[in-house]
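Given next are the chains, with one letter for each unit.
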Amino acid sequence: MRLSCTHTHTCFCDGKGSIGDFCAAAVQKGFTSLGFSAHAPLPKELGIKSDWHLSHENCALYIEQTLEAKEKWRGRLEVYLGMEIDYIDGYMSPADSFFRNLALDYSIGSVHCVIPAGKSIDWAREFGEAFLCVDGSAEDYRLLLEKGFGGDKRALTDAYYDSLSAMCRAGGFDVLGHADLVVKNNRSYIYDEHYSKRVEDFAAELKQNGAIAELNTGGVIRGKTKAFYPAPKFLKTLFLNKINITVNADAHCPEHLGGCYEAAFAALREAGYTEHFILHKGIWQAEAL
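Below is a summary of the structure that appears in this document. Remember, predicted model here, so these are calculated numbers, not experimental data.

Regarding helix H1 (residues 19-28)
Every α-helical turn comprises 3.6 residues, leaving residues that sit three or four positions apart pointing alike. Inspection of H1 places Ile 19, Phe 22, Cys 23, Ala 25 and Ala 26 among the buried residues, and these make up the whole buried set. All buried residues of H1 lie within an arc of 165° about the axis, which places them on one face of the element. Taken together, the buried residues of H1 touch strand S2 (31-39), helix H2 (56-72) and strand S3 (78-86).

Examining the pairing of strand S7 (residues 245-248)
Residues Ile 245 and Val 247 point to one face of S7 and Thr 246 and Asn 248 to the other, with burial holding for every one of them. Note that strand S6 (residues 212-216) and S7 share four bridges and pair parallel. Within S7, the position partnered with Asn 216 by the bridge is Asn 248.

Things to note about unusual backbone geometry
Put simply, Tyr 229 and Pro 230 share a cis peptide bond, and its omega is -5°. Along the polypeptide, Pro 230 turns up in the loop between helix H7 (218-221) and helix H8 (232-240). In this model, His 178 sits at a positive phi of 25°, which is unusual for a non-glycine residue. With respect to the helices and strands, His 178 occurs in the loop between strand S5 (175-176) and helix H6 (193-209). The class for His 178 is buried, based on a relative accessible area of 2%. Even without being a glycine, Lys 281 presents a positive backbone phi close to 55°. Within the secondary structure layout, Lys 281 lies in the loop between strand S8 (275-280) and strand S9 (283-288). The exposed category is assigned to Lys 281, whose relative accessible area is 66%.

Notes on the sheet that holds strand S4 (residues 106-110)
Pairing is parallel across the open sheet formed by seven strands, whose spatial order is S1-S2-S3-S4-S5-S6-S7. Each having just a single partner strand, strand S1 (3-5) and S7 make up the two edges of the open sheet. Across the sheet, H1 touches S2 and S3, and the angle it forms with S2 is around 155°.

Focus on the nonpolar core
Counting 84 residues, the largest nonpolar core has Tyr 62 and Met 83 as the members making the most contacts within it. No other element matches the eight residues that helix H5 (residues 153-170) contributes to this core. If we skip the residues at most four places from it in the chain, Tyr 62 touches Phe 12, Ile 19, Phe 36, Ser 37, Ala 38, Leu 54, Leu 81, Gly 82 and Met 83. Listed in part, the five residues of the second largest apolar core include Tyr 80, Ile 108, Val 175 and Leu 279.

Details of the packing of H6 against H8
One can describe the packing of H6 onto H8 by two numbers: an axis separation of 9 Å at closest approach and a directional angle of 35°. Viewed along their axes, H6 and H8 form a crossing whose handedness is right-handed. Residues Ser 196, Val 199, Glu 200, Phe 202, Ala 203 and Leu 206 of H6 lie in contact with H8, whose contacting residues are Lys 233, Phe 234, Thr 237 and Leu 238.

About the cut-offs
- Residues numbered from 1 in each chain as written.
- Predicted model: local features only at pLDDT ≥ 70, side-chain atom pairs only at ≥ 80, totals over all residues.
- Heavy atoms only, no water.
- Buried < 20%, exposed > 50% of the residue type's maximum accessible area, 1.4 Å probe, protein only.
- Helix = DSSP H or I, 4+ residues; strand = E, 2+ residues; numbered from the N terminus.
- Arc of directions from axis to C-beta.
- Contact = heavy atoms within 4.5 Å.
- Pairing = 2+ DSSP bridges.
- Axes fitted to C-alpha atoms, helices over the stretch in contact; angles between N-to-C directions.
- Core = buried A, V, L, I, M, F, W, Y, C linked by side-chain atoms within 4.5 Å.
- Left-handed = near helix turned anticlockwise from the far one by under 90°.

Geometric descriptors of this kind do not, in isolation, establish any biological role.
Printed below as a string of structure tokens:
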């Protein structure tokens, strides 16, 4: 089976290791293709500080080094230029012209930052210009939940899925990043009827969009979660909605590449999938499980 990963983070954002380090590891592991997906630069006008997004100052260098790697590893490894682009309703989207003009090979659309209803981005600055998100530290999550949503996990979950659905309607991305991320800091979250309905409604939005979803093993690799994103019940819902799937490690160091892939392939088969998709020869191609 051909292996690939299109969700990787190098030292250009919050990962460890250079583009070359990742390429060497991918070749050693027998990968067919490798896509780099630095966390896209935040719009300067947001005024939000982040130490895990690609800086505007390093954007050109990131693109240059990825394109150089394409040539250096040609014939041994297919290298692709991508970005993981945040959707922040009303402020930032994978569909923004800035990203379309970068001539990326692909993009991942993700929701990390959730803004409470009736609040603006200024609300986040009350916490020291931090980028409060659902998958940050436990303390950041506590602040987001308590200060933004009055401790109401359902309200936070609704805001998260509202943003995912809005991102799907806006478009501009090829791969949906780590759906189900909202449960990362709440391991005891119960997939109740309300949550299941939000998942079902969102799956219908994603089907209309036509993007590929990823089965993301990163939370398990790093010991942050016991289940992949999305969890088995959600994965089954995606299958029933005929959503195509790609397996990604969300690798933050070269050693993460291919992590938990066998278990991920087993989870796909359990959900009913008989194939997954990899980026090969410049297009998304089905690979039998």
